[in-house]
Amino acid sequence: MYKSIIKTMKDVPLEEFYTSGHRTCQGCESAMVMRYLAKVAGPRTIVVGATGCMYVANTTYYTTSWVVPWVHTQLGGSGAAALGTSAALRALMRKGKIKEEPINVIVFCGDLGCADMGLSGVSNAMTYDYNLLIVLYDNESSANTDIQETSMTPYGAQTSFSRPGTARRIMKRRWKKSVVPMIIAGHRNIRYAATTTPAYPLDTMNKIKKALEIGGPTFIHSLDPCPKGWDYDPMYSHELGTLSVETGLWPLYEFVDGKLIYNEPTKGIVEGRVKRKPVREYLEKQGRFSHFTEEDYEYFQKMVDEMYTSWEIPGVMPIKSVIK
Amino acid sequence: MTELVQKEILLNGTQAVAYAAMYADVDVTAAYPIRPYTEVMDTISKLIADGQLDAEFIVAEGEHGQFEIVKHASLTGARTLVGTSGVGWLYGMEAIVVTATDRAPVVAVIGNRALDDPGAYGVEHNDALMVRDVGWLLVWVDTAQEAFDTALIAYRVGEDSRVLMPVGVSMDGGFLTHSEQIVRLPPRELVKDFLPAYNRGKYLVHPDNPISVAPQVNEDWVSEIRRQHDEGMERARTVISEAYESFKKVFGRYPGTTRDIKMFENPFVEPYMTDDAEVILVGMGTVSKPIKVAINKMREQGIKVGMLRIRWFRPFPTQEVMKYLSGAKVVCVVDRDYSLGSPFRGGVVYHEVRSSLYDLDERPKILSFIGGLGGREITVQDAEKVIKIGLEARDTPITRHTYWINVRGDPW
Ligand code: SF4
């Protein structure tokens, strides 16, 4: 099991391995994830980044923000890049071609690359026993190409692929898929997977730390409010992250060695100690839902309610609602 | 594991490359099945299982993953083997292109196969030729021995710090991937003298060397990067020549032959009776077999005909093509591929050869022959017919540029 967790902000390492030089938008929560993961992982790390916001905005030639080695992989290449990097390290160390030492391999990918195009590769990586962490930074759109819909875009949200019109108000009618449960259910040997959002920095950092310390193939899905794509003032990024959890829409949990652990405040929600805020509080603060009517809010709320009332595992596994 | 004697064993083309990879001590391989390349991975898997080779064997989720795996392993300092065929090569194309632009010297076996649709397992060169413009070194081999030797040479050339580029070892599906021949394996100890350890130097991805690989450049740097890549491609000519010389010195024989005769005076092309030939056939891969037989027969009748087999297609042997073809009256290029909508409706090699000859003061006539698509056999009779058409063109003005060999409903 993991050695240490970071208890307060005072215990957070001071060193930065993701520093100045990037040009992400003001209020970009994905940039916070990168910063946290680099901090926690430290200098003996190789970071691989798939095409997406965090490629286009972070690694401008001559001004890269990465202090640790960083390599680009193609949009759908995250799982394979993780395997290739990790396999190379294992082979070279075993054969005495490089020094034997623990080196973290962290691959990050956006929702388009990880949950859509790259899903089969990520899944393949999760079936091997290499030490690798795949971080899905989910800004719920393909943000660096002008905010297009992905399978992770929430129901009803406006994107340039899902514009409300006079004949059809809601163009995005599919519900966002749950990636972590899919990863957990399908891959027996995975020892650590979790959801997080950077509005809870200690949660995010500790989860990255645990994933790296536990080792093997590990997976973290982070919901990252994106001022550009979600259309809100950048100062509210953390507030939206918090609301995503407090409304119950984005439950925080981790799977450790087959055990599901809810993290606060989701734990309180599931145990009935904390009351979920109306999801409307979260939705109405974002321009992408500005076309919502009462009926839309109600539908959205009903779907969130079902996550807690009719699902096999509250907020996580929908099996019960399917078989009822 | 060290052997100090040469030995001869029966191997097909793909198995020969697997043995070369074992001799080269590859660290990471990535497999995904598609005929006819697959046997290279079947063989590698067995060599690993039997303790003959110490390497990571990863089964990818598809060809895109396959090439991303070896690209990243290679950037991290591992020697790698990969491969595919036909539409598999195309499925991996995005990753295949960045393998070249990231300058990862992976070695790939391309068991040439027709592209879908319609499905066919047989040879066609259009698959490998898809990368002719993006910075892969491409070599076509003709025998299992040449496959073994060329794979070793491929590691040496691709990994050279002056080159750092992936190498595609192409072989005709079926005709070479699946036909067994005697292969002479060198003493394993000697391979170390020929093939130094892979060293990426300052381009290695490792925490001791915190570089950023393939950062985003927009319009700022692409021209410079392509230009540098091209310079590497140009330097590969020298490095290839050096590698063949060194091969000869270390192993005491010319690459590609089991006999100690001077079969290959030039690494890039194999000239066959070209010296005084008026009609010269040009082709890549195993098509040389029926052509050589036809040439032997014609020579007995005193007909001056020869062949130039192109071995390295990238970098293209422009000087060699000019040198060996300049004396000919007619050049007949036999393509196992086709370029739809191209000038004069010809094959890809035809266009490269034609372009190479343009600067000659006296240009030979040049004809395009399309044959053996999808694995159909090109027979000795077909080769004789090509020569006959070449001889006619020698004496009469050209009326037709392209001939399809043996196609239903087309006069041949
Ligand atoms: S578009 Fe969104 S995810 Fe991309 S850099 Fe801007 S805030 Fe971050």
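Remember, predicted model here, so these are calculated numbers, not experimental data.

(A) Summary view of the overall build of chain B. When its secondary structure is counted, chain B shows 13 helices and 16 strands. Relative to the globule expectation of 22 Å for 412 residues, the C-alpha radius of gyration of chain B, 21 Å, shows essentially globular dimensions. By its C-alpha atoms, chain B is 70 × 55 × 40 Å across when sized along the principal axes. Across the 412 residues that make up chain B, the buried fraction comes to 61%. Across chain B, every contact between residues at least 6 apart in sequence was considered, and the portion connecting residues at least 24 apart equals 80%. Total accessible area computed for chain B in this model is approximately 15,800 Å², and 50% of it derives from carbon and sulfur atoms.

(B) The arrangement of the overall build of chain A in detail. The helix and strand inventory of chain A stands at 13 helices and eight strands. Here the C-alpha atoms of chain A give a radius of gyration of 19 Å, agreeing with the 20 Å that 2.2 N^0.38 yields for 324 residues. Dimensions of chain A along its principal axes, counting C-alpha atoms only, are 65 × 45 × 40 Å. Classification of the 324 residues of chain A by burial places 61% in the buried group. Within chain A, counting contacts between residues at least 6 apart in sequence, those at least 24 apart form 70% of the total. Of the accessible surface of chain A, which amounts to about 12,900 Å², a share of 55% is contributed by carbon and sulfur atoms. Computed over 38 positive and 33 negative side-chain charges, the inter-centroid distance for chain A is 5 Å.

(C) Representation of the site of the ligand in the model. Residues and elements named next belong to chain A. Close to the ligand lie T24, C25, C28, C53, M54, N139, A143, C226, P227 and K228, which account for all nearby residues. Elements supplying a minimum of two residues to the shell around the ligand: helix 2 (53–56) and helix 8 (227–230). Classifying every residue of the shell around the ligand gives seven nonpolar, two polar and one charged.

(D) The arrangement of the environment of P397(B) in detail. Mapped onto the fold, P397(B) is located in the loop between helix 13 (380–395) and strand 16 (402–404). Distance from P397(B) to I211(B), taken between C-alpha atoms, is 60 Å for residues 186 residues apart in sequence.

(E) Broad picture of the interface of chain A and chain B. Contacts between the two partners involve 46 residues from chain A and, on the opposite side, 41 residues from chain B. Between chain A and chain B, the buried area comes to about 3,300 Å², and carbon and sulfur atoms account for 57% of it. In terms of surface lost to chain B, no three residues of chain A exceed Y61(A), Q74(A) and K95(A), which account for 17% of the buried area on that side. Viewed at the interface, chain B and chain A are joined by 23 residue pairs in polar contact (both at pLDDT 80 or more). Residue composition of the side of chain A that touches chain B, grouped by class: 25 nonpolar, 14 polar and seven charged. Of the strand pairs in this sheet, strand 2 (residues 70–73) of chain A and strand 9 (residues 212–213) of chain B are connected by two bridges, and their pairing is parallel. The residue bridging V71(A) from the neighbouring strand is V213(B), located in strand 9 of chain B.

(F) Quick look at unusual backbone geometry. With omega at 0 degrees, the peptide bond leading from E264(A) into P265(A) counts as cis. Here P265(A) is to be found in the loop between strand 8 (259–262) and helix 10 (266–271). D117(B) follows D116(B) through a cis peptide bond whose omega is -20 degrees. Inspection of the secondary structure puts D117(B) in the loop between strand 5 (107–112) and helix 6 (126–129). Positive phi outside glycine occurs at N218(B), with the angle close to 50 degrees. Checked against the element boundaries, N218(B) lands in the loop between strand 9 and helix 9 (222–251). Even without being a glycine, M273(B) presents a positive backbone phi close to 55 degrees. For M273(B), the position within the fold is in the loop between strand 10 (269–272) and strand 11 (279–283). Overall, the relative accessible area of 36% leaves M273(B) in the partly exposed class.

(G) Looking closely at the packing of helix 1 (residues 13–23) of chain B against helix 2 (residues 39–49) of chain B. Residues and elements named next belong to chain B. With their axes 8 Å apart at the nearest point, helix 1 and helix 2 run at an angle of 40 degrees to one another. Taken together, the axis directions place helix 1 and helix 2 in an arrangement best described as oblique. Regarding helix 1 and helix 2, the two cross each other, and that crossing is right-handed. For the pair formed by helix 1 and helix 2, the contact residues are T14, Q15, V17, A18, Y19, A21 and M22 on the first element and E39, V40, T43, I44 and L47 on the second. Taken together, the residues of the contact of helix 1 with helix 2 sort by class into eight nonpolar, three polar and one charged.

(H) Up close: the domain arrangement of chain B. Residue and element names in this part refer to chain B. We note that the domain assignment places domain 1 (7–251) and domain 2 (268–404) within chain B. Distance between the C-alpha centres of domain 1 and domain 2: 28 Å. Across the contact, 30 residues belong to domain 1 and 30 residues belong to domain 2. Ranking the residues of domain 1 by area buried against domain 2 places R132, D142 and R237 at the top, with a combined share of 24%. Inspection of the region where domain 1 meets domain 2 yields seven salt bridges. With its nearest N and O atoms 3.4 Å apart, the salt bridge here joins R309 to D142. The interface formed by domain 1 and domain 2 includes 18 residue pairs in polar contact (both at pLDDT 80 or more). Taken together, the elements giving at least two residues each to the side of domain 1 that touches domain 2 come down to helix 6, strand 6 (137–140), helix 7 (144–159), strand 7 (167–172) and helix 9. With six residues, the top contributor of residues to the side of domain 1 that touches domain 2 is helix 9.

About the cut-offs
Residues numbered from 1 in each chain as written. Chains lettered and ligands numbered in written order. Predicted model: local features only at pLDDT ≥ 70, side-chain atom pairs only at ≥ 80, totals over all residues. Heavy atoms only, no water. Helix = DSSP H or I, 4+ residues; strand = E, 2+ residues; numbered from the N terminus. Rg over C-alpha atoms; globule rule 2.2 N^0.38 Å. Buried < 20%, exposed > 50% of the residue type's maximum accessible area, 1.4 Å probe, protein only. Contact = heavy atoms within 4.5 Å. Areas by Shrake-Rupley, 256 points an atom, 1.4 Å probe, with all protein chains shown as cover. Lys, Arg positive; Asp, Glu negative; His and termini not counted. Charge placed at Lys NZ, Arg CZ, Asp CG, Glu CD. Near = heavy atom within 4 Å. Nonpolar A, V, L, I, M, F, W, Y, C, P; charged D, E, K, R; others polar. Buried area = accessible area lost by both parts, 1.4 Å probe. Polar contact = N/O pair within 3.5 Å; in protein donor to acceptor, adjacent residues only side chain to side chain. Pairing = 2+ DSSP bridges. Axes fitted to C-alpha atoms, helices over the stretch in contact; angles between N-to-C directions. Parallel < 35°, antiparallel > 145°, perpendicular 65-115°, else oblique. Left-handed = near helix turned anticlockwise from the far one by under 90°. Domains from an automatic or database assignment. Salt bridge = Lys/Arg side-chain N within 4 Å of Asp/Glu carboxyl O.

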